[in-house]
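Structural characterization, general
Listed here are the chains, written in short residue letters.
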Amino acid sequence: MSLVQEKQIAITVVSRAANLAQSVFKKLVNAETVTKKDKSPVTVADYSCQSLISLLLSKAYPNDPIVGEEDAKDLRQPTDESKQLKNRVVDLVNAELSKPQAAGEADDLELGVTRSETELLDAIDRGTFEGSAKGRMWCLDPIDGTKGFLRGGQYAVCLALLIEGKVELGVIACPNLPVDPSKPDGPRGVVFGAIKGQGAFQRPISETNGPLSKISMNSITKESIAQASFCESVESGHSSQGDSANIAKELNITKEPVRMDSQAKYCSISRGDGDIYLRLPVSASYEEKIWDHAPGRLLVAEAGGKVTDIHNKDLDFSLGRTLKNNKGVIVAHESIHGDVIKAVQKVLNVA
């Protein structure tokens with residue numbers, strides 16, 4: 001399937017959300033927070049970006065459900081704190097929506113038009129779909145890497161289209177990732193994307209009418225695996241860094257790991273900034289959320305990589321909001337993925 005229209009719309013809405021997130025960081029970072037059930041911090045950026053993306057997707061595809069990370073329950077509370085947060089979300093989203101359509105952005109999204117408070121809150125709540133193995137659905141992480149966002153580090157706005165439980169389209173915007181990895185102090189802000197069977201690409205977020213450049217992973221071989229580099233989460237609570245170090249030792253890899261938050265890791269590896277990404281289980285009961293991996297998994301696969309769990313099973317996005325049948329995530333070029341899996345299973349003592 002071509003999904004040409006869906007790709008253009010996804011790039012437009014995710015890039016708009018990335019610009020909104022950067023605006024939030026400059027104006028309000030850490031000014032308003034509430035606590036989610038999993039105790040991770042959430043900022044006004046989460047609500048604003050989910051509202052913006054969900055609203056625009058509903059214009060283009062009103063019958064497509066959305067699996068999103070947030071809901072508007074806390075914004076609807078009658079407290080002064082909730083009202084203040086809600087007003088900021090409404091103002092920030094409408095400030096972005098009011099900007100006219102730029103060259104290269106998708107048509108028919110009614111860009112340049114503000115929306116009511118009710119419309120914006122209802123848009124957030126469109127993300128409460130429980131997932132399905134049937135039909136079409138969008139999977140959204142409005143701000144992946146909230147702690148990275150708060151510290152001015154790496155974070156990502158992530159969107160994927162699933163059809164019959166399979167990821168067919170993925171788009172990720174990384175506002176703080178260098179456009180040119182060889183120039184870390186140069187321009188920042190990159191949008192990445194992939195359509196199944198059509199390769200992976202990137203483009204500066206700011207170049208709405210610019211060309212999409214094809215990207216691919218480094219061609220690491222079994223013989224050169226010792227020269228590979230690891231990419232892992234900053235937060236030790238997201239992945240066992242001690243096990244990662246032992247796995248690196250098993251593969252004779254001596255380079256220090258590159259640590260960053262969010263699906264920016266998938267993006268970095270897909271264009272050759274790194275080679276291996278491990279998200280190792282930190283508890284037997286934890287289930288990965290589908291929005292943390294859906295677009296990244298496709299991006300890496302289309303760039304020449306392979307993504308499985310620690311048991312070498314494909315990630316199954318058809319079982320609801322979590323990867324219930326998977327434990328951990330292992331990402332590497334397809335030529336060395338088998339060697340990485342062997343090292344992972346040896347260190348973790350699993351088969």
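Source: prediction; values computed, not measured.

A separate point is the domain arrangement of the protein. Segmentation of the protein into domains returns domain 1 (3–214) and domain 2 (222–348). The straight-line distance from the C-alpha centre of domain 1 to that of domain 2 is 24 Å. Counting from both sides, the interface comprises 49 residues of domain 1 and, opposite them, 26 residues of domain 2. For the pair domain 1 and domain 2, the interface holds one salt bridge. The interface formed by domain 1 and domain 2 includes eleven residue pairs in polar contact (both at pLDDT 80 or more). Within the residue set of the side of domain 1 that touches domain 2, elements represented by two or more residues are strand 3 (66–68), strand 4 (136–144), helix 5 (146–150), strand 5 (156–163), strand 6 (166–178), strand 7 (188–195) and strand 8 (200–204). For the side of domain 1 that touches domain 2, the element with the highest residue contribution is strand 6, accounting for nine residues. Class assignment for the residues of the side of domain 1 that touches domain 2 results in 26 nonpolar, 15 polar and eight charged.

The next thing to look at is the UniProt feature "binding site: Mg(2+)" (unreviewed entry) in the protein. Here the UniProt-annotated "binding site: Mg(2+)" (unreviewed entry) positions come out as Glu69, Asp141, Ile143, Asp144 and Asp292. Taken along the chain, the residues just named run across 224 residues; in space they keep tight, none of their C-alpha pairs more than 10.1 Å apart. Summarising the element assignment, aspartate 141 is placed in strand 4. With residues up to four places along the chain from it excluded, the contact list for aspartate 141 reads Glu69, Ala156, Val157, Cys158, Trp291 and Asp292. Take isoleucine 143: it is sitting in strand 4.

With that out of the way, let us pick up helix 2 (residues 44–60). Working note: α-helix, 3.6 residues per turn, so residues spaced by three or four point in the same direction. The end-to-end C-alpha separation of helix 2 is 25 Å, in line with the 24 Å expected for 17 residues at 1.5 Å each. Counting buried positions along helix 2 gives 14 out of 17 residues, so the element sits mostly inside the fold.

On to the pattern of salt bridges, then. In this structure the tally under the stated criterion is 15 salt bridges. Of the charged contacts, one joins glutamate 96 and arginine 16 as a salt bridge, the two residues approaching to 3.6 Å between their closest N and O atoms. Here glutamate 96, found in helix 3 (residues 80–97), pairs with arginine 16, found in helix 1 (residues 4–28); they are 80 residues apart in sequence, far enough to count as distant. Of the residues examined, glutamate 96 reaches a relative accessible area of 4% and is grouped as buried. The exposure class assigned to arginine 16 is buried, which follows from its relative accessible area of 3%. Taken together, the salt bridges that share partners define one network made up of Arg16, Glu96, Lys99 and Glu105.

Definitions and limits used
Residues numbered from 1 in each chain as written. Predicted model: local features only at pLDDT ≥ 70, side-chain atom pairs only at ≥ 80, totals over all residues. Heavy atoms only, no water. Domains from an automatic or database assignment. Contact = heavy atoms within 4.5 Å. Salt bridge = Lys/Arg side-chain N within 4 Å of Asp/Glu carboxyl O. Polar contact = N/O pair within 3.5 Å; in protein donor to acceptor, adjacent residues only side chain to side chain. Helix = DSSP H or I, 4+ residues; strand = E, 2+ residues; numbered from the N terminus. Nonpolar A, V, L, I, M, F, W, Y, C, P; charged D, E, K, R; others polar. UniProt positions renumbered as here; feature names shortened; annotations may be inferred. Expected span 1.5 Å × (residues − 1). Buried < 20%, exposed > 50% of the residue type's maximum accessible area, 1.4 Å probe, protein only.

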